[in-house]
Structure formats: structure tokens, C-alpha cells
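# What the coordinates show
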Amino acid sequence: MVTDLKQLVDLCNSELVDREYGVRRQEFLQEWEKLSHWMEGHGIEEFTEEGGYKYCDENFGNHLLSEDMGEQHRIGLRAVRMLISYQKTGDFEFRSPKVERRFCGECGKPFVSYLSYARNILGLAVATLNNKELYLYAFYAYLNGRSLTLDDLGIAVMEDFFTAMGYSLASRHNCGSALRLFLRYAFDTGLAKKDWSVYVLSDNYKHNCKLPTTYEESEISRMIAAVDRASPTGKRDYVILLLAAEYGWRSKDIVSLRFDQIDWDKNVISFTQSKTDASVEYPLIASVGKAIIDYVKNGRPDAGSDTVIVAAESGKKGKPLSSPTVHSIVTRYMRKANITDWDKKKHGAHSLRHSLASNMLKRNVSMPVISTIIGHQRTE
């Protein structure tokens with residue numbers, strides 16, 4: 001874990017450059033400079049979460065976002081919390097939280113146990129864990145506020161919880177999924193007397209879900225053509241766009257691609273999907289193969305990592321990219337290609353994944369084939 005503030009700032013600044021932050025990046029740099037002066041004045045040599053929170057409490061009145069916090073303090077808080085989250089996870093937290101989610105007492109023990117299991121045994125991604133924690137904390141707070149335990153659950157209690165939360169259909173669906181998994185775990189490990197997951201009633205989400213954002217083949221071609229393939233960064237971005245558009249890969253799988261997953265003799269790429277843990281195999285099509293070779297020979301910086309795609313910026317040079325960086329790269333070329341209303345629709349790598357499936361369907365490709373290419377285990 002990086003505790004040297006200057007090194008940590010360099011890493012975070014490089015990430016912001018890669019994500020094309022503009023004025024806000026300069027504001028963060030100014031806030032980090034203020035933090036550096038504060039640490040020097042207090043004789044603090046290493047940056048830690050505790051120290052970061054202390055700085056925020058002294059200078060902004062809180063290390064959590066509050067409704068009455070002024071804009072400048074919000075920026076300062078965001079800047080410090082970015083350092084903390086990047087130090088802990090290698091990525092920025094989505095937004096500054098308004099509450100600290102702490103599961104306390106006997107009521108909180110099952111939740112702490114499950115989240116530890118999900119993190120250490122299941123190895124779930126940080127974003128997935130944060131999403132689960134969000135919904136589980138809401139349920140914990142509901143039970144704790146009414147002096148209820150897991151063994152007090154029933155249909156009436158569960159429905160009252162969802163009513164009290166006022167979730168949208170999508171949020172209720174996600175929360176319900178998280179609660180079912182948690183309650184099954186609680187029963188399997190003896191933390192609950194019964195499997196209360198049966199009382200989390202199914203919803204009608206699948207019949208009401210929105211159609212995903214898609215782009216036409218011509219729009220995707222324009223986006224890929226907008227890449228300046230003469231520069232090292234352009235060569236890298238070209239590979240990323242091809243993997244997203246030609247194969248429909250998720251961002252996590254793109255940034256995790258390793259050299260040993262490419263069989264040049266058999267012309268195939270094989271790996272285990274990060275989200276589903278399912279093994280998939282793709283033909284190494286000519287355009288992708290040539291792009292990877294060009295990038296490795298003429299654009300990829302020297303790196304100790306066996307990850308194919310790495311950062312080119314000085315602060316993180318040679319290190320693997322993060323998933324949000326892929327989103328920023330796709331966005332950059334949608335803007336350059338002048339895709340109509342791209343900024344009013346979803347415009348990350350996942351939109352290219354949906355587009356691939358949609359465009360194959362338009363060409364009368366069968367559902368089982370599309371499902372296999374996308375890496376879904378069910379055609380539904």
C-alpha cells in the first residue's frame with residue numbers, strides 16, 4: 001500500500017489524466033497541495049486513512065458529505081477521499097458518502113460475517129461489494145431501528161422494509177437479490193434458524209426492464225476510425241475498442257487480458273470471465289491480432305506485468321489499466337466521432353457489448369450463438 005503522499009498523488013493524477021478530467025483535476029491538485037502542507041505542519045510523514053479523516057474533520061468539519069457543506073469543502077473532501085479509496089483499492093470511490101456504514105452489535109454480526117465471506121472467499125469485486133453493502137446496511141438499519149433480529153423475519157416484515165425504503169423497481173430487484181444471498185448464507189452458517197430468503201418475494205423487474213443502449217454498426221466503425229493509430233496511446237486505445245466492439249468484452253476482462261491467454265498457433269483467446277467465472281474461447285480474428293502485435297511492438301511501454309494493455313502515462317507507466325479508464329476511452333472516441341446524442345445515452349464499453357448483440361440479431365444470427373459470443377450461460 002502506497003503511503004508516500006507525493007507518490008500517491010502522482011498515481012491519482014495520472015489516473016485523472018487518463019480519464020480526461022479537466023478543470024476539476026487542477027482543483028484536486030490544489031487540495032492535495034493543501035493536504036501536503038498540513039501533514040508537514042503536523043509532522044506526519046505517511047498518508048493513512050486515519051490521517052486523511054483527521055484532516056477532513058479539522059478543515060471541512062466532517063469526513064462525510066453533509067447537506068450544509070459548501071462547494072469548496074465538497075471538492076476538498078472529494079480530493080482526500082479519492083486518495084484514501086485509491087490507496088485501499090486502486091480505484092476511486094463512486095462518490096463521497098453521506099453516512100458511514102457500520103454494522104454494530106449482535107444485529108450486525110451476520111452482516112459483517114457475510115461481507116467478509118463475499119470479500120475473502122468469493123473474491124467479489126470492490127464495486128460489487130460496495131453495492132451489496134449499500135443494500136445490506138439499509139436492511140440492517142431497518143432491523144436495528146425496530147429492535148428486530150433475523151429470526152423475527154416474515155413476509156410482512158420484508159414487505160414493510162421495501163415499503164419503508166421506497167425503492168424503484170430496479171433498486172428493489174437488486175436489493176432483493178442481495179438479501180436472498182445474504183439470508184441463505186445466514187441459514188447455511190447457523191446465523192439464522194431458518195432460510196428466510198423465501199420471504200423475499202420475487203418482483204416483476206424482468207417484464208419492466210428497459211432496452212439497453214445500442215449503436216449502429218456504422219457509428220461504431222466511425223468511432224474506431226477516429227483513433228490516431230500513429231501514437232502509442234492510440235495503438236493501445238485501438239486494441240481496447242476492438243476488444244469491446246468485435247468481441248463484446250466487459251471492461252474488467254479487457255484490462256485483465258494476459259499474453260498467456262492468447263494462443264497464436266491456434267488463433268484463439270481463452271480466459272475465465274471475471275463476472276461469471278465461466279470459461280470462454282474466442283477466435284483471434286485478424287484485425288484484433290494485428291492490432292495487438294502493432295501495439296506490443298510499437299506502442300506498449302516496457303512493463304513487468306504480463307497484462308497486455310498497460311498505462312502509458314508517467315505516473316502509472318507499464319501498470320494495468322482500471323476498468324473505469326476503459327469507459328473514459330470509449331467516451332473519448334464517441335465524442336471524436338461525433339456520434340449523435342452519445343452524451344444522452346449510455347456510452348461505455350458495455351454499450352458496445354449490447355450493440356454487438358443487437359447488430360448480430362439484425363443479421364439473423366441465432367440466439368444461442370449470440371449468447372455464446374457474449375458469454376452468457378442462458379439465452380434469456
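Notes on the structure in this doc start here. (Residues numbered from 1 in each chain as written. Predicted model: local features only at pLDDT ≥ 70, side-chain atom pairs only at ≥ 80, totals over all residues. Heavy atoms only, no water.)

## Quick word on the overall build of the protein
Scanning the protein from N- to C-terminus turns up 15 helices and three strands. A compact globule built from 380 residues should have a C-alpha radius of gyration of about 21 Å, and the protein, at 23 Å, falls within 12% of that. When the backbone C-alpha atoms are referred to their principal axes, the protein occupies close to 60 × 60 × 40 Å. Evaluated residue by residue, the protein yields a buried proportion of 44% over its 380 residues. Look at the contacts in the protein between residues 6 or more apart in sequence, and 57% of them connect residues 24 or more apart. On the protein, roughly 20,300 Å² of surface is accessible, and the fraction owed to carbon and sulfur atoms is 50%. Distance between charge centres in the protein, computed from 50 positive and 49 negative side chains, equals 5 Å. (Helix = DSSP H or I, 4+ residues; strand = E, 2+ residues; numbered from the N terminus. Rg over C-alpha atoms; globule rule 2.2 N^0.38 Å. Buried < 20%, exposed > 50% of the residue type's maximum accessible area, 1.4 Å probe, protein only. Contact = heavy atoms within 4.5 Å. Areas by Shrake-Rupley, 256 points an atom, 1.4 Å probe, with all protein chains shown as cover. Lys, Arg positive; Asp, Glu negative; His and termini not counted. Charge placed at Lys NZ, Arg CZ, Asp CG, Glu CD.)

## Points about helix H13 (residues 323-336)
Helix length check: H13, at 14 residues, gives a terminal C-alpha distance of 21 Å against a target of 20 Å (1.5 Å per residue), a fit within 8%. Every buried residue of H13 is accounted for by Thr-325, Val-326, Ser-328, Ile-329, Val-330, Thr-331, Arg-332, Tyr-333 and Met-334. Among the structural elements, helix H1 (5-18), helix H9 (217-225), helix H10 (232-246), helix H11 (251-256) and helix H14 (349-362) are those in contact with the buried residues of H13. In the stretch just after H13, Asn-338 is the one whose phi turns positive, near 55°. (Expected span 1.5 Å × (residues − 1).)

## Regarding the side chain of Ser-322
Among the secondary structure elements, Ser-322 is positioned in the loop between helix H12 (286-298) and H13. Here Glu-15 takes part through its side chain, which lies 2.9 Å from a polar atom of the side chain of Ser-322. One polar contact links Ser-322 to Thr-325, side chain to side chain, over a distance of 2.9 Å. Beyond its immediate stretch of four places on either side in the chain, Ser-322 contacts Glu-15, Arg-19 and Val-255. (Polar contact = N/O pair within 3.5 Å; in protein donor to acceptor, adjacent residues only side chain to side chain.)

## Quick look at the nonpolar core
Buried together is how nonpolar side chains tend to be arranged in soluble globular proteins. Core analysis: the largest hydrophobic core is formed by 43 residues, its most contacted members being Met-223, Leu-243 and Trp-249. Elements represented by at least two residues in this core include exactly H9, H10, H11, strand E2 (268-272), strand E3 (279-283), H12, H13 and H14. Residues in contact with Leu-243, not counting those within four places in the same chain, are Gly-248, Trp-249, Ile-254, Leu-257, Val-288 and Ile-309. Membership of the second largest hydrophobic core comes to 28 residues, among which are Phe-139, Leu-153, Phe-182 and Trp-196. (Core = buried A, V, L, I, M, F, W, Y, C linked by side-chain atoms within 4.5 Å.)

## Side note on the sheet that holds strand E1 (residues 262-263)
On the basis of which strands lie adjacent, the open sheet formed by three strands has the order E1-E2-E3 and antiparallel pairing. Taken across any chain shown, the strands that pair with only one partner, and hence form the sheet edges, are E1 and E3. In terms of strand pairing, E2 meets E3 through five bridges, oriented antiparallel. In the strand pairing of E3, Ser-270 is matched with Glu-281. (Pairing = 2+ DSSP bridges.)

## Details of the side chain of His-63
Of note, His-63 is situated in the loop between helix H3 (49-60) and helix H4 (71-89). With relative accessibility at 13%, the residue His-63 sits in the buried group. Of the polar contacts made by the side chain of His-63, one reaches the side chain of Asp-57; its length is 2.9 Å. Beyond its immediate chain neighbours, meaning those up to four positions away, His-63 contacts Tyr-53, Cys-56, Asp-57, Leu-77, Arg-81 and Glu-100.

## Concerning the environment of Ala-337
Relative to the helices and strands, Ala-337 resides in the loop between H13 and H14. The spatial distance from the C-alpha of Ala-337 to the C-alpha of Glu-219 is 8.0 Å, given a sequence separation of 118 residues. Residues contacting Ala-337, with those up to four places away along its chain left out, are Arg-222, Met-223 and Ala-226.

## A short note on the packing of aromatic side chains
On inspection of all chains with the given rule, the structure shows 26 aromatic pairs. Each ring, one from Phe-139 and one from Phe-161, has its centre 5.1 Å from the other, and the planes form 75°; the classification is edge-to-face. Residue Phe-139 is found in helix H6 (residues 126-145), and its partner Phe-161 is found in helix H7 (residues 155-165); the two are separated by 22 residues along the sequence. The exposure classification of Phe-139 matches that of Phe-161, with both residues buried. Over the ring of Phe-162 we find Arg-172, and its NZ or CZ is 4.2 Å from the ring centre. (Phe/Tyr/Trp six-rings, centres within 6.5 Å; stacked < 30°, edge-to-face > 60°. Lys NZ or Arg CZ within 6 Å of the ring centre and 35° of its normal.)

## Quick look at the pairing of E2
Taken together, the two bridges between E1 and E2 define a ladder with antiparallel strand orientation. If you follow Asp-263 over to E2, its bridge partner there is Val-268. Here E2 hands over to E3 after six residues, with Asp-277 in that stretch at a positive phi of 65°.

## Things to note about the packing of H6 against H7
Packing of H6 against H7 brings their axes to within 11 Å, and their N-to-C directions diverge by 110°. Regarding the angle of H6 to H7, the classification is roughly perpendicular. The way H6 lies across H7 gives a crossing that is right-handed. Of H7, the residues touching H6 (which contributes Ala-138, Phe-139 and Tyr-142) are Val-157, Met-158, Asp-160, Phe-161, Ala-164 and Met-165. Taken together, the residues that form the contact of H6 with H7 break down as eight nonpolar, no polar and one charged. (Axes fitted to C-alpha atoms, helices over the stretch in contact; angles between N-to-C directions. Parallel < 35°, antiparallel > 145°, perpendicular 65-115°, else oblique. Left-handed = near helix turned anticlockwise from the far one by under 90°. Nonpolar A, V, L, I, M, F, W, Y, C, P; charged D, E, K, R; others polar.)

Fair warning: the whole summary comes from geometry, so function is off the table for now.
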